[in-house]
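Remarks on the overall topology
One letter stands for each residue in the lines below.
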Amino acid sequence: MARRPIALVTAVVLFLEAPGIVTINAVMARVVKGQSMSLGGLDPDLMYTGTWALGLGSGALLLLCGLVPLIAAIRDRRPGRAGRALLIGCAVVHGLLGAVAVGLLGWPSFAFLMLVVGLIVLTLVAYGETAAGPGAGAPQAPPEAPEAAGAPAAL
């Protein structure tokens, strides 16, 4: 199976998505600051700062999520427990964002987010549980019964 290319494509997509998320949050922060709006009595400057913080934090997490499949592809080994948990969380967040994006942004955004979910899940499945030993994936023949020494074989 093509595990390495799948993991590399997943890493590249996550690395390219990170600056996009930061840019989207930067635009939203400028809109909040330009409008000087408050939401439920919140300070507009705090909303501006919070939007920037959310964007930078999300971008950093996407970069971290992109490192996991990149390292898995370089080593050609499955990610550790923390890496798998990070990728599962990333897939869940992309799934939830896809459900919201289909209503707010349309089907192309939904399709992109589901593509990312698919790549993450495919990476996790490609580097799934590995059995110990060579040829462990092949079906095993039942063991032959040992014949008694000197006794003729039964027909």
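Residues numbered from 1 in each chain as written. Predicted model: local features only at pLDDT ≥ 70, side-chain atom pairs only at ≥ 80, totals over all residues. Heavy atoms only, no water.

1. Quick word on the pattern of salt bridges
For the structure on display, the rule yields two salt bridges. Across the pair D76 and R3 runs a salt bridge, and its minimum N-O distance is 3.1 Å. Of this pair, D76 sits in the loop between α2 (44–75) and α3 (81–104) while R3 is found in helix α1 (residues 3–35), placing the two residues 73 residues apart along the sequence. Taking relative accessible area as the criterion, D76 reaches 28% and is therefore assigned partly exposed. Of the charged contacts in the structure, one is a salt bridge between R4 and D76, with a shortest N-O distance of 3.9 Å. (Salt bridge = Lys/Arg side-chain N within 4 Å of Asp/Glu carboxyl O. Helix = DSSP H or I, 4+ residues; strand = E, 2+ residues; numbered from the N terminus. Buried < 20%, exposed > 50% of the residue type's maximum accessible area, 1.4 Å probe, protein only.)

2. Focus on the packing of aromatic side chains
Within this structure, the stated rule accounts for one aromatic pair. Note on W107 and F110: the rings are 5.4 Å apart at their centroids and 90° apart in plane angle, and the pair reads as edge-to-face. One end of the pair is W107 and the other is F110, both in helix α4 (residues 107–126) and three residues apart, which spans about a single turn. In this structure, K33 is placed above the aromatic ring of Y48, and the distance from its NZ or CZ to the ring centre is 4.5 Å. (Phe/Tyr/Trp six-rings, centres within 6.5 Å; stacked < 30°, edge-to-face > 60°. Lys NZ or Arg CZ within 6 Å of the ring centre and 35° of its normal.)

3. A few points about the layout of surface pockets
Here the largest pocket defines a volume of roughly 790 Å³. Residue lining of the largest pocket: 24 residues in total, with E17, I21, V93, L97 and L113 positioned closest to the centre. For the lining of the largest pocket, the leading source of residues is α3, giving nine residues. Residues belonging to the lining of the largest pocket are distributed by class as follows: 17 nonpolar, six polar and one charged. (1 Å grid on protein atoms, 1.4 Å probe; cavity = no way out; pocket = protein on both sides within 12 Å on 5 of 7 lines; lining within 4 Å. Points joined across faces, edges and corners; volume = space filled by probe spheres on them. Nonpolar A, V, L, I, M, F, W, Y, C, P; charged D, E, K, R; others polar.)

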